Amino acid sequence: MSITELTKHEAVPVNIASAVVYCDGFKAVSARSINEESTADGGSVFTNNASRSTKLTFSGRIFADYSADFIYSFNALVKSSAAFNVEYMGLCFRSCHLLSYTFDNKKGDWADVTVTLVTADNIIRSDDT
């Protein structure tokens, strides 16, 4: 029996602002908001139809040696309105804002982190930039 790529999993390095996160997991969530009103004849009509921001969550690890730098820079970033770009999976997520982060260091060589970003921009392929 041969081993397929599906059984192999390696963390992918992702540059997020000033840190390199070795990403083990990624989640993207986007939605559309539609307001619907009833009409006089019992039907319905859309009164507002708008796309919402895309939320991006990166879960992974950083080298524990960079723990203080990570906390210092991401704490400042979550309090600012600074926007930055992130490339992952051949896609470019533009004008991202840091929504939240978690940091968990259990005194090993690695610290577990989760970084949640939000962007209102369209997602484009990295080779289109």
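For the structure, check the block above.
None of the values given here were measured: they were computed from a predicted structure. (Residues numbered from 1 in each chain as written. Predicted model: local features only at pLDDT ≥ 70, side-chain atom pairs only at ≥ 80, totals over all residues. Heavy atoms only, no water.)

**With respect to the pairing of strand β8 (residues 110–119)**
Note the cut-off: Strands qualify as paired when DSSP identifies two bridges or more between them. Secondary structure elements are taken from DSSP: a helix is a run of H or I of four residues or more, a strand is a run of E of two residues or more, and numbering for both begins at the N terminus.
Of the strand pairs in this sheet, strand β5 (residues 54–63) and β8 are connected by 10 bridges, and their pairing is antiparallel. Residue pairing in the sheet places T57 in a bridge with T116 of β8. Two elements, strand β7 (residues 91–104) and β8, share seven bridges in a ladder whose sense is antiparallel. When the sheet's bridge partners are listed, L98 is paired in β8 with L117. With antiparallel pairing between neighbouring strands as the criterion, β7 and β8 make up a hairpin whose turn holds five residues, including K107 at a positive phi of roughly 65 degrees.

**So, the nonpolar core**
What counts, and what does not: Here, the term nonpolar core denotes a set of buried Ala, Val, Leu, Ile, Met, Phe, Trp, Tyr and Cys residues that are joined through side-chain atoms within 4.5 Å. The rule is simple: take the accessible area with a 1.4 Å probe, protein chains only, and divide by the maximum for that residue type; under 20% is buried, over 50% is exposed, in between is partly exposed. The contact rule is simple, with two residues in contact once any of their heavy atoms fall within 4.5 Å.
Counting residues in each nonpolar core, the largest one holds 21 residues, and the members touching the most others are I16, F58, V86 and L117. At four residues, the largest contribution of residues to this core is made by β8. Those residues within four positions of L117 in sequence are excluded, and the remaining contacts are I16, T54, K55, L56, F58, F84, V86, C96, H97, L98 and L99.

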